[in-house]
Amino acid sequence: MEMKNTKIMMMILLGNLILAFAVACFTLPLNIVVGGTTGLGLIGKALFNLPISYTVMIVNVTLFVVGYFALGKTFALTTLVSTFVYPVFLEIIQSIPYIQTISNDILLSTIFGGALSGIGIGLVIRAGASTGGMDIPPIILHKKFGFNVSAMVNLCDGLIIVALIVVYPPIQLLYGILSTVIMSYAINKVLILGENNMQLLVISKKYEEIREAFIHELDYGVSLIKMETGFTKEDSKAVLCVIPPRKIASAKETINKIDDHAFVTISPISEVRGKGFTLDREYLKTNIS
């Protein structure tokens, strides 16, 4: 348990470090419009000449307190690290000489800034934590009124970006939208990283032989699905199997040896939970009859 908690903490810290690096090196130097607390920091800097890290810290702490009372202690514990660590990382990285002159190409900075921000946020979310800040109001709205969290996050970011248009040229809005799209894509990729599997559905009259081969020769977990053939309306069974992509070749070879006329569909899936995946197979063999 201690090792697991250490791994989670390291992932949260790494995610915040990557996020702060992306913002300090690519987003802020070229005034790329972004949402979230960083966007509020840009507004604070433009209107009141406040350091961005200070505004981020004030907003994060304020929203953390609101989230603590509205959502409880469990939520507070998962967001505490990000709430205080991110602005500190941002201040430290901004103070490094020449760090803000890594790129003077706004398109390149938009791409790298969006991608690295998405990777950082994705790592924090994958660790089961929250990045805090502007994630908190949508979560509260969801709990109190049932609003969709993703829609509320996009709405908050959109309002912040619109507010920044008063300060920055319209072209910055376009780069901000591009950065947000790239960031969302990167977050999704990080969340499913290493969990991609392939699902095989095999329809064959020799389903029992295929089942036996998958279980005893290839050590695959399988399920049999009752079905009825469409043309002859005969009762039959289909073999359903979920395996890593690297095992597809051996599975196809085994199927062809048993029935080279078998109907096979292969589909990518992003997450698998349960027996043989998130639950240890050997434990299940000895504890489930």
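Cut-offs and rules
Residues numbered from 1 in each chain as written. Predicted model: local features only at pLDDT ≥ 70, side-chain atom pairs only at ≥ 80, totals over all residues. Heavy atoms only, no water. Helix = DSSP H or I, 4+ residues; strand = E, 2+ residues; numbered from the N terminus. Buried < 20%, exposed > 50% of the residue type's maximum accessible area, 1.4 Å probe, protein only. 1 Å grid on protein atoms, 1.4 Å probe; cavity = no way out; pocket = protein on both sides within 12 Å on 5 of 7 lines; lining within 4 Å. Points joined across faces, edges and corners; volume = space filled by probe spheres on them. Nonpolar A, V, L, I, M, F, W, Y, C, P; charged D, E, K, R; others polar. Contact = heavy atoms within 4.5 Å. pLDDT = per-residue confidence, 0-100. Phe/Tyr/Trp six-rings, centres within 6.5 Å; stacked < 30°, edge-to-face > 60°. Patch = residues over 30% accessible without salt bridge, like charges linked within 9 Å, V, L, I, M, F, W, Y side chains within 5 Å. Areas by Shrake-Rupley, 256 points an atom, 1.4 Å probe, with all protein chains shown as cover. Salt bridge = Lys/Arg side-chain N within 4 Å of Asp/Glu carboxyl O. Axes fitted to C-alpha atoms, helices over the stretch in contact; angles between N-to-C directions. Parallel < 35°, antiparallel > 145°, perpendicular 65-115°, else oblique. Left-handed = near helix turned anticlockwise from the far one by under 90°. Pairing = 2+ DSSP bridges.

Draft legend 1. The overall build of the chain, seen in detail. A count of helices and strands for the chain gives eleven helices and four strands. Expressed as a percentage of the 289 residues in the chain, the buried residues total 39%.

Draft legend 2. The layout of surface pockets, seen in detail. A volume near 1,000 Å³ is recorded for the largest pocket. Taken together, 38 residues line the largest pocket, and the ones lying closest to its centre are I121, T131, D135, V153 and I187. Residue assignment for the lining of the largest pocket shows that the elements contributing at least two residues are helix 1 (2-27), helix 2 (36-48), helix 4 (73-94), helix 5 (106-126), helix 7 (149-165) and helix 8 (170-192). Considering every element that reaches the lining of the largest pocket, the biggest residue donor is helix 8, with seven residues. Tallied by class, the residues present in the lining of the largest pocket amount to 14 nonpolar, 22 polar and two charged.

Draft legend 3. Local environment of the side chain of S236. By the secondary structure assignment, S236 is in strand 3 (residues 235-243). If we skip the residues at most four places from it in the chain, S236 touches S204, Y207, I225, K226 and M227.

Draft legend 4. Seen up close, the confidence of the model for the chain. Taken as a whole, the chain shows an average pLDDT of 81; of its residues, 89% reach a score of 70 or greater. Within the chain, helix 9 (residues 207-217) carries the highest mean pLDDT (91), whereas helix 11 (residues 281-287) carries the lowest (49).

Draft legend 5. Local environment of the packing of aromatic side chains. Summed over all chains, the structure comprises four aromatic pairs. One aromatic cluster is present, formed by F21, F26 and F112 through successive ring pairs.

Draft legend 6. Examining a nonpolar patch on the surface more closely. Taken together, the side chains of L47, F48, L50, V166 and V167 make up a nonpolar region of the molecular surface, amounting to roughly 520 Å² of accessible area. Assignment of secondary structure puts V167 in the loop between helix 7 and helix 8.

Draft legend 7. Focus on the packing of helix 3 (residues 52-71) against helix 6 (residues 136-145). Helix 6 packs onto helix 3 with a crossing angle of 20° between their chain directions and a minimal axis gap of 10 Å. As far as their axial angle goes, helix 6 and helix 3 are roughly parallel. Our pair here, helix 3 against helix 6, has a crossing hand that is left-handed. Seen from helix 3, the contacting residues are L63, F64, V66, G67, A70 and L71; seen from helix 6, they are I136, P137, I139, I140, K143 and K144.

Draft legend 8. Quick look at the packing of helix 9 against helix 10 (residues 248-258). Relative to each other, helix 9 and helix 10 sit at 145°, their axes nearing to 10 Å. Where helix 9 crosses over helix 10, the two elements pack in a sense that is right-handed. Packed against helix 9, whose contacting residues are E209, I210, A213 and F214, the element helix 10 presents A251, T254, I255 and I258 at the interface. A per-class count over the contact of helix 9 with helix 10 returns six nonpolar, one polar and one charged.

Draft legend 9. Main features of the sheet that holds strand 2 (residues 222-228). Within the open sheet, the four strands sit side by side as 2-3-1-4. Their pairing is antiparallel. If you trace the sheet from one side to the other, it starts and ends with strand 2 and strand 4 (263-269), each paired once. Taking the axes of each pair of neighbouring strands and ignoring which way they run, one obtains an average angle of 25° across the sheet. The sheet contact formed by strand 1 (residues 197-203) and strand 3 spans six bridges and is antiparallel. Following the sheet pairing, L201 is matched in strand 3 by L240. Set on the sheet, helix 10 makes contact with strand 1, strand 3 and strand 4; between it and strand 1 the angle comes to about 10°.

Draft legend 10. Spatial organisation of the pattern of salt bridges. All told, the structure shown has three salt bridges when counted by the stated rule. Notably, a salt bridge pairs E212 with R211, separated by 2.5 Å at the nearest N-O pair. For E212, a relative accessible area of 31% translates into the label partly exposed. Across the salt bridge formed by E253 and K257, the nearest N and O atoms sit 3.6 Å from each other. With E253 and K257 both in helix 10 and four residues apart, this pair spans about one turn of that helix.

Draft legend 11. Here's a closer look at the side chain of T254. Structurally, T254 is set in helix 10. Residue T254 is classed as buried on the basis of its relative accessible area of 11%. In contact with T254, not counting residues within four places along its chain, are A213, F214 and L218.

Draft legend 12. The environment of V162, seen in detail. Structurally, V162 can be placed in helix 7. By relative accessible area, V162 is classed as exposed at 55%. Note: C-alpha distance between V162 and V33 (129 residues apart in sequence) is 9.3 Å.

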